[in-house]
Amino acid sequence: MDDSVRLRQATADDHSAIVGIEGYVFHHDLDDEARELDRRLFEPERSLVADDDGTVVGHTTALTRDLTVPGAVLPAAHVTGVGVLPTHRRRGLLTAMMHRQLTEIAEAGRESLAVLWASETTIYPRFGYGPAATRLQLNAMTREVRITPAAPAPRGRLRLVEPAEAVEELKKVYERARPRRIGWSSRPGAWWDRRVWDPSAWRDGATTRKGVLFEGPDGPEGYAMWRIKDDWDDWGPNAQVRVTEIVADDPGVYAELWRFLFGIDLARSATYDFAALDEPLQYLVDEPRRLGRGYGDALWIRLVDLPAALEARRYLTPFDVVIEVTDPLITSNSGRWRLTAGADKATCVRTTDPADLACSITELGAVYLGGTTLGGLHAAGRVQRLSGNFPAQAFAWERLPNPIEVF
């Protein structure tokens, strides 16, 4: 790292400078209202800054939130806000910040893994982050798709709401579903305020955010949030429904919410950027090609405490495998580990037994949520098969990961 720059823990007084860095790096401006909301989410004690003679020139932070993983909800360092001013690029500052951040997370001992959304995917594998989840992006032709649910029609009704005024009801639905939705994060403190916040700068010419609740006999059972981008062409109305979030545990309620969204008057299409690869909507429509499916990366996972992370999640089938792991940054993770998975627990201990497979910590991060398989990584040459004991689907889960919120 450039000797003229030092790393230090951020203070509350650094917030304005950090917002300025993010403006340069991510090409956006925050007004006073946005800065105040960001300040409420700011955790200076978990933020690092690069300081060049009193000027903050780089930043990264780890937010304190939980993450749903297969069979468990775990504390996870939610890494974000990573960036360096354009005047200080290529000086090793980002590398130094990421190394120190991972060291501090490991030494604190509270979180066995870190998670992030990558702005540039070439950056993070070298720090041990693996691509753990993929999202399905929909651009549906709603007038050419009919929803044909197999589940019975639910008892209840739809009610329009203002999301900011219905947070408690939305929260109940979300919290009921969250323990089973791989890749979902907790929303403590002001995170719900951020989720329903609706600045005009985020609308891209669309309306304010709308909301609908499905109310069953015992209270709210599902909700959706969306905006409308109005448009007319030579054939008449051509508006687009831009879905930002849809949550429902009950298959019938889920189908009713999508039926509502696809039936909004004057709209001819609907987009949703955070569907799962196994999104149930694909199996509810009569013409799935008209959903206009595309794909994008989502969460990247980094195991910080390897044995704790592998023991904390659950596994669908029992297996016993010895893994040779390399981790040049957190060397306590390196070595040979025996991972034994049972019906309701797992153990991960050091061993001198011969290894069945070998990989880096990056590959273990990639398979951790069940969205990537050991078999697929082996086919890519990323995992070495060293014996006949190779559980290719060991990390798979009942549903694929479904991250729905960029943080």
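Up top you'll find the structure we're talking about.
### Remarks on the packing of aromatic side chains
Centre-to-centre distance and the angle between the planes together describe a pair of aromatic rings.
Link 1 in the chain: All told, the structure shown has 10 aromatic pairs when counted by the stated rule.
Link 2 in the chain: Summarising the aromatic geometry, the rings of Y174 and W192 are spaced 5.5 Å apart at their centres and angled 85° between planes, so their arrangement reads as edge-to-face. With Y174 in helix 4 (residues 167-177) and W192 in helix 5 (residues 191-196), this residue pair connects regions lying 18 residues apart in the sequence. Per residue, the accessibility class of Y174 equals that of W192, and both read buried.
Link 3 in the chain: Their ring planes at 70° and their centres at 5.4 Å tell us that W226 and F260 sit as a pair that is edge-to-face.

### Quick look at the sheet that holds strand 3 (residues 55-69)
Link 1 in the chain: Read across the sheet, seven strands follow the order 1-2-3-4-5-16-6 without closing on themselves; strand pairing throughout is mixed. Here the strands that pair on one side only, and so sit at the sheet edges, are strand 1 (6-9) and strand 6 (130-131).
Link 2 in the chain: Note that strand 3 and strand 4 (residues 72-84) share 11 bridges and pair antiparallel. Its bridge partner being in strand 4, D66 is matched across the sheet by P75.

### Re the pattern of salt bridges
Link 1 in the chain: One pass over the full model with this rule turns up 29 salt bridges.
Link 2 in the chain: For the salt bridge of R146 with D286, the shortest nitrogen-to-oxygen distance reads 3.9 Å. One end of the pair, R146, is in the loop between strand 7 (134-141) and strand 8 (157-161); the other, D286, is in the loop between strand 14 (267-275) and strand 15 (294-297), with 140 residues separating them in the sequence.
Link 3 in the chain: Exposure remark for D286: the relative accessible area of 43% places this residue in the partly exposed category.
Link 4 in the chain: With a closest N to O distance of 3.5 Å, E168 and K171 form a salt bridge.

### Some words on helix 2 (residues 32-41)
Link 1 in the chain: The complete set of buried residues in helix 2 reads A34, L37 and L41. The buried residues of helix 2 occupy an angular sector of 65° when projected down its axis, which confines them to one face.
Link 2 in the chain: Between the side-chain oxygen of the N-cap and the backbone nitrogen of E33 there are 3.2 Å, and the N-cap of helix 2 in question is D31.

### Notes on the nonpolar core
Link 1 in the chain: In this structure, W258 and Y368 are the most contacted members of the largest nonpolar core, which totals 94 residues.
Link 2 in the chain: In this structure, A77, V84, A114 and F127 belong to the second largest nonpolar core, which totals 33 residues.

Quick notes on the rules
- Counting starts from 1 at the beginning of each chain's written sequence and moves along it residue by residue.
- Only residues with pLDDT of at least 70 get local features here, since the model is predicted, and only at 80 or more are side-chain atom pairs given and counted; chain-wide, interface and lining totals rely on the full set of residues.
- The side-chain values count all of the structure's non-hydrogen atoms but skip hydrogen atoms and water molecules.
- Ring pairs shown here join Phe, Tyr and Trp side chains whose ring centres sit within 6.5 Å, with only the six-membered ring taken for Trp; geometry is labelled stacked below 30 degrees between planes, edge-to-face above 60, and tilted in between.
- Strands are runs of DSSP state E lasting at least two residues, helices are runs of H or I lasting at least four, and both sets are numbered from the N terminus onward.
- Relative accessible area decides the class of each residue, using a 1.4 Å probe on protein chains only: under 20% of the type maximum gives buried, over 50% gives exposed, and in between gives partly exposed.
- Strand pairing is defined by DSSP finding a minimum of two bridges between the two strands.
- We define a salt bridge as a side-chain nitrogen of Lys or Arg found within 4 Å of a carboxyl oxygen belonging to Asp or Glu.
- This arc describes the spread of directions from the helix axis toward the C-beta atoms.
- Identification of polar contacts relies on pairs of N or O atoms within 3.5 Å, with a donor-acceptor requirement for protein atoms, meaning one able to donate a hydrogen and the other able to accept it, and with residues adjacent in sequence counted only if both atoms are side-chain atoms.
- Nonpolar core, defined: a set of buried Ala, Val, Leu, Ile, Met, Phe, Trp, Tyr and Cys residues in which side-chain atoms within 4.5 Å join the residues together.

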